[in-house]
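Working through the structure, step by step
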Amino acid sequence: MEGYPHTEGYDEDVHAALVGEEIREAEGLELIPSENYVSLPVREALGSVLTNKYAEGYPGKRYYGGQEYTDAVETLAIDRAKKLFTCDHANVQPLSGAPANIAVYFALLEPGDTVLGMDLSHGGHLTHGHPVTMMTKVFNFVRYKMKDVETGEIDYGEMREIAKREKPKLILAGFSAYSRELDYEQFVNIAREVGALTMADVAHIAGLIAGGVHKNPFDAGFDLMTTTTHKTLRGPRGGMVLVNKSEDIANKIDKTIFPGLQGGPHMNNIAAKAVAFGEALHPSFRNYAGQVLKNAKAMEEVFREEGIRMLGGGTSNHLILADVYGSLGVTGAEAEKLLDEVGITVNKNVIADDQRKPLDPSGIRFGTPAMTTRGFTTGESAEVAALMVSALKAVGDKAKLNEVRSAVRMLANEHPVPSTFA
Ligand code: DSN
């Protein structure tokens, strides 16, 4: 444990929360597929003096003085991001994924314009036009779905028909609860037929792309990518917009992020992004990304052997969406709580066209980015999957749940969260 000597005895309440969370993370297994552990160098940058500095503008074009070091770290973050994703332009200032997506919409669209994105219950993200979001007051979102929820195949035929009928200005590829790879060429072909731009929201799989184990949408001709930096990419909590082959789009994105939507960038966070991107450029990151996929496959095998239905029939990425209600009669909320009790953290999740409500849906979503960072092998990942199934089948069986909790604690203790990765 690293300790928090400066809050100890100074602000005991916050100190207790920091220590408590550190112990929770160390003793349990984090399987929420959008979470990960950052290195101590990333945390050092996050906790640095750069949090003191205002730096409105961009490197070399700031509105305040004293920018020698802010310019240096932002330029590093930009250069490293461009190298990681092989593109011409990176804006590393978005505070997170939602502001990054909102920036793209405002940069490229007029109010009332149409965006075509993936349906939320089929894996899409809130910011791709879910009715509860503010963006739907400004833009018109239409949705495509999977053709077959048992294989995860996207209905590209339906996508083309919707695109021809609705004439979107922007077509989105991206998801937060979909376990297969997308066919980016199909998106680009459809977009070209109807004169739309293409944006890939790769928040979940950015690390898999950077690590070379998933396709890069820019290779298929996508115009833009947005991402968070804290999921598979293993950086600090934040966002980023990447643009390829269009100075015009790049300029519009920069102007929309600042001064359009945000004020002073969080320079401590940008420095931490630079550190994380440096880690992802290290050859060992490729091994990490490959192991994330292998570990997910190992968990998939166990769930399949146990006869538990997985949306999309399994996984080709870092996550699995399991229909625990349909397979075991345990709701998503019950499963999340049960697994919490044994020290395994997952999240309840709607499944395609779920008949249940989002706060108590039919599914759970889990994945391997965080446990792979802790060095879990395929054998140990299969063991974790078997422990999950044991817990899910042990509703009300205190002795069994205690046994699972001890096994989880032992696995966690054998795999401390590493301090550095490179
Ligand atoms: N909340 C993130 C996730 O868990 O997928 C997406 O924004």
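Cut-offs applied
Residues numbered from 1 in each chain as written. Predicted model: local features only at pLDDT ≥ 70, side-chain atom pairs only at ≥ 80, totals over all residues. Heavy atoms only, no water. Buried < 20%, exposed > 50% of the residue type's maximum accessible area, 1.4 Å probe, protein only. Helix = DSSP H or I, 4+ residues; strand = E, 2+ residues; numbered from the N terminus. Arc of directions from axis to C-beta. Contact = heavy atoms within 4.5 Å. Near = heavy atom within 4 Å. Polar contact = N/O pair within 3.5 Å; in protein donor to acceptor, adjacent residues only side chain to side chain. Nonpolar A, V, L, I, M, F, W, Y, C, P; charged D, E, K, R; others polar. 1 Å grid on protein atoms, 1.4 Å probe; cavity = no way out; pocket = protein on both sides within 12 Å on 5 of 7 lines; lining within 4 Å. Points joined across faces, edges and corners; volume = space filled by probe spheres on them. Patch = residues over 30% accessible without salt bridge, like charges linked within 9 Å, V, L, I, M, F, W, Y side chains within 5 Å. Areas by Shrake-Rupley, 256 points an atom, 1.4 Å probe, with all protein chains shown as cover. Salt bridge = Lys/Arg side-chain N within 4 Å of Asp/Glu carboxyl O. Lys, Arg positive; Asp, Glu negative; His and termini not counted. Charge placed at Lys NZ, Arg CZ, Asp CG, Glu CD.

On to helix H13 (residues 332-341), then. The complete set of buried residues in H13 reads Gly332, Ala335, Glu336, Leu338 and Leu339. One face of H13 carries all of its buried residues, which in axial projection span an arc of 165°. Along its buried surface, H13 packs onto helix H12 (324-328), strand E14 (344-345), strand E15 (347-349), strand E16 (363-367), helix H15 (378-392) and helix H16 (398-414). A positive backbone phi angle near 90° is found at Gly343, which sits one or two residues after H13.

Here Phe258 and Pro259 are connected by a cis peptide whose omega angle stands at 10°. In the Ramachandran plot, Thr86 falls in the positive-phi region, its phi being about 40° despite a non-glycine side chain. Among the structural elements, Thr86 can be located in the loop between helix H3 (68-85) and strand E4 (89-91). The class of Thr86 is exposed, set by a relative accessible area of 54%. One non-glycine residue, Asp353, lies in positive phi territory at about 50°.

Its place among the elements puts Ala352 in the loop between E15 and E16. Distance from Ala352 to Gly123, taken between C-alpha atoms, is 7.5 Å for residues 229 residues apart in sequence. What Ala352 contacts, discounting residues up to four positions off in sequence, is Ser121, His122, Met146, Val149 and Leu311.

As a matter of local geometry, the ligand sits amid Ser34, His125, Ser176, His204, Lys231 and Arg365. Between the ligand and His125, the relevant distance is 2.7 Å, taken from an oxygen atom to a side-chain nitrogen or oxygen of the residue. Between an oxygen atom of the ligand and a side-chain N or O atom of His204, the distance comes to 2.7 Å. The class makeup of the residues in the shell around the ligand is no nonpolar, four polar and two charged.

A full pass over the atoms with the stated rule returns one cavity of 30 Å³ or more. For the largest cavity, the full set of lining residues is Ser121, His122, Gly123, Met146, Ala177, Tyr178, Ser179, Leu311, Gly312, Leu321, Ile351 and Ala352. Split by residue class, the lining of the largest cavity holds seven nonpolar, five polar and no charged.

With that settled, consider a negative patch on the surface. Side chains of Glu8, Asp11, Glu12 and Asp13 sit close together on the surface and give a patch of like negative charge. Note that Asp11 resides in the segment before helix H1 (12-27).

As a further point, take the environment of Tyr105. When you line up the elements, Tyr105 lands in helix H4 (residues 97-108). For Tyr105 and Ala26, which are 79 residues apart along the polypeptide, the C-alpha to C-alpha distance reads 39 Å. Those residues in contact with Tyr105 that lie beyond four places of it in its chain are Thr127, His128, Met135, Phe139, Phe141, Leu170 and Leu172.

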